[in-house]
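If you want the building blocks of each chain, they are given just below.
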Amino acid sequence: QVQLVESGGGLVQAGGSLRLSCAASGRTFSRHDMGWFRQAPGKEREFVAAISWSGGSTYYADSVKGRFTISRDNAKSTVYLQMNSLKPEDTAVYYCAVVIRWPSVTDDRWGQGNQVTVSS
């Protein structure tokens, strides 16, 4: 079982950048596809990006394609989300999760999430 702790969020102006990190505990991290998801106020949680266990494949929601980059470091049991050219509509709580069916079906185990706020 993998436990997840997100960090790196905060307040940024539109056009700015942030990098989120998700540190995983457990020895099986490197075997799992991983994903980032987000939930804006009053909205359902939505898929953002996914990365395969090896890092060789990635997949993005259309809304973030070309602006966000997902990556991972299996030696550090960490997955990252580099967010550039941020927009106010990117404001949300961001979560990472284990992906059990590519690219966006998770095991429904969530960390505490990390708030990202983009001001206009």
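Nothing here was measured: the structure is a model prediction, and the numbers come from that model.

### Side note on the state of the cysteines
Right, on to step 1. Per the counting criterion, the structure on display carries one disulfide.
Right, on to step 2. Note that Cys22 is cross-linked by a disulfide to Cys96, the S-S spacing being 1.8 Å. Across the disulfide from Cys22 to Cys96, rotation about the S-S bond amounts to roughly 55°, and the bridge is consequently right-handed. Placement of the pair is Cys22 in strand β3 (residues 18–25) and Cys96 in strand β9 (residues 92–101), with a sequence separation of 74 residues.
Right, on to step 3. You can call Cys96 buried: its relative accessible area is 0%.

### Description of the environment of Lys87
Right, on to step 1. Along the chain, Lys87 turns up in the loop between β8 (78–83) and β9.
Right, on to step 2. Overall, Lys87 belongs to the partly exposed group, its relative accessible area being 34%.
Right, on to step 3. The spacing of Lys87 and Ser17 is 70 residues in sequence and 9.8 Å in space, taken between C-alpha atoms.
Right, on to step 4. In contact with Lys87, not counting residues within four places along its chain, are Arg67 and Val118.

What counts as what
- Residues numbered from 1 in each chain as written.
- Predicted model: local features only at pLDDT ≥ 70, side-chain atom pairs only at ≥ 80, totals over all residues.
- Heavy atoms only, no water.
- Disulfide = S-S within 2.5 Å.
- Helix = DSSP H or I, 4+ residues; strand = E, 2+ residues; numbered from the N terminus.
- Buried < 20%, exposed > 50% of the residue type's maximum accessible area, 1.4 Å probe, protein only.
- Contact = heavy atoms within 4.5 Å.

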